[in-house]
Amino acid sequence: MDFEQQHQLWMEHHLNVRSGERKGRLMRGHQHAENLLLKNVWWPLFGNLEHLHPEYEVYDWNRKSQFLDFAFITPYGRFGLECDGFQSHIKDMDRERFSYSLNRDTFLTGMGWKIIHFSFDDVQKRPEICRMLLQMVIGPSHLRNISADPVSPLEKEVIRLAWNLGKPIRTKDIVNHYEVNFRTARKWLQGLVHKGMLQPIIKNKYTCYYEPVEGLSERLF
């Protein structure tokens, strides 16, 4: 099922289970920018929309209702995703609203949320930056909570390093980070390729880099 089909079913589900202002907010709030964030940033990394809630209602310290563009809620953490347009964000912002916005994010952080902001310009024109940052924030949280899988603690550390680099990992990166020889570093990376966690990037018939496979985050839940 491609993105458009999955997105339509996902929206129908959330509209069907909501009523009142929550449903109205979803109908008004989930527009082009939010759809583009899913299509350009989220979908290429995860390949699904599971555990993701659009226009998710949260409350501030005064029990005032607010809505996050998206909430990603799993047993491993709660993440809020926001797509901010420059013109609309600045136009609607004064000193009081600016202070409230900062305080709201700090309050939600204290309540266990991780809030991730993307600009609409980056989502539209530079989505690879957004994907890299999203991967860096969410990926390690999943890896820390894997309890039973065929990946050893050492291999988890290598995957975490690959996430945090934000770019394809080289054998040299393993050598420098863990102070092991080239043969050992290559063995670790090839072992993760064999387990389907990394995929090699081949240039001129030689493997030069490795990167996490598409949908790795989904498999690590």
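Residues numbered from 1 in each chain as written. Predicted model: local features only at pLDDT ≥ 70, side-chain atom pairs only at ≥ 80, totals over all residues. Heavy atoms only, no water.

### Quick look at the sheet that holds strand 4 (residues 113–119)
And step 1. If you walk across this open sheet you meet the four strands as 1-2-3-4, and the pairing is mixed. Each edge of the open sheet carries a strand with a single partner, namely strand 1 (52–59) and strand 4. Averaged over all pairs of adjacent strands, the angle between strand axes in this sheet comes to 40°, irrespective of strand direction.
And step 2. Where strand 1 and strand 2 (residues 65–74) come together, seven bridges link them in antiparallel fashion. Pairing of V58 across the sheet is with Q66, part of strand 2.
And step 3. Strands strand 1, strand 2, strand 3 (77–84) and strand 4 of the sheet are contacted by helix 3 (residues 32–46), whose axis makes an angle of about 15° with strand 2. (Pairing = 2+ DSSP bridges. Helix = DSSP H or I, 4+ residues; strand = E, 2+ residues; numbered from the N terminus. Axes fitted to C-alpha atoms, helices over the stretch in contact; angles between N-to-C directions. Contact = heavy atoms within 4.5 Å.)

### Here's the deal with the packing of aromatic side chains
And step 1. For the coordinates displayed, the defined rule picks out ten aromatic pairs.
And step 2. With a centroid separation of 4.8 Å and an interplanar angle of 70°, the aromatic rings of W42 and F72 are classed as edge-to-face. Residue W42 is located in helix 3, and its partner F72 is located in strand 2; the two are separated by 30 residues in the primary sequence. As far as burial versus exposure is concerned, W42 and F72 are alike and both buried.
And step 3. Relative to F79, the ring of F72 lies with its centre 6.1 Å away and its plane at 35°, an arrangement referred to as tilted.
And step 4. One aromatic cluster in this structure is built from W42, F46, F72 and F79. (Phe/Tyr/Trp six-rings, centres within 6.5 Å; stacked < 30°, edge-to-face > 60°. Buried < 20%, exposed > 50% of the residue type's maximum accessible area, 1.4 Å probe, protein only.)

### Here we look at the nonpolar core
And step 1. In terms of nonpolar packing, the biggest core is built from 27 residues, with W42 and L134 touching the most fellow members.
And step 2. Each residue touching L134, except ones within four places of it in the same chain, is listed here: V41, W42, L45, F46, L81, I116, F118 and G139.
And step 3. Membership of the second largest hydrophobic core comes to 16 residues, among which are V158, A162, A185 and L189. (Core = buried A, V, L, I, M, F, W, Y, C linked by side-chain atoms within 4.5 Å.)

### Some details on helix 10 (residues 182–194)
And step 1. Here helix 10 contains 13 residues, and its C-alpha end-to-end distance of 18 Å stays within 8% of the 18 Å for a straight helix at 1.5 Å per residue.
And step 2. Of all the residues in helix 10, the buried ones are A185, W188, L189 and L192. Down the axis of helix 10, the sector holding all buried residues measures 90°, keeping them to one side. Projecting away from the buried face of helix 10 at angles above 90 degrees are the exposed residues R183, K187 and H194.
And step 3. Here the buried face of helix 10 lies against helix 8 (153–165), helix 9 (171–178), strand 5 (198–203) and strand 6 (206–212).
And step 4. At the N-terminal end of helix 10, a side-chain oxygen is found 3.2 Å from the backbone nitrogen of R183, two or three residues along, and the residue is N181.
And step 5. Positioned one or two residues after helix 10, G196 has a phi angle of 80°, which is positive. (Expected span 1.5 Å × (residues − 1). Arc of directions from axis to C-beta. Polar contact = N/O pair within 3.5 Å; in protein donor to acceptor, adjacent residues only side chain to side chain.)

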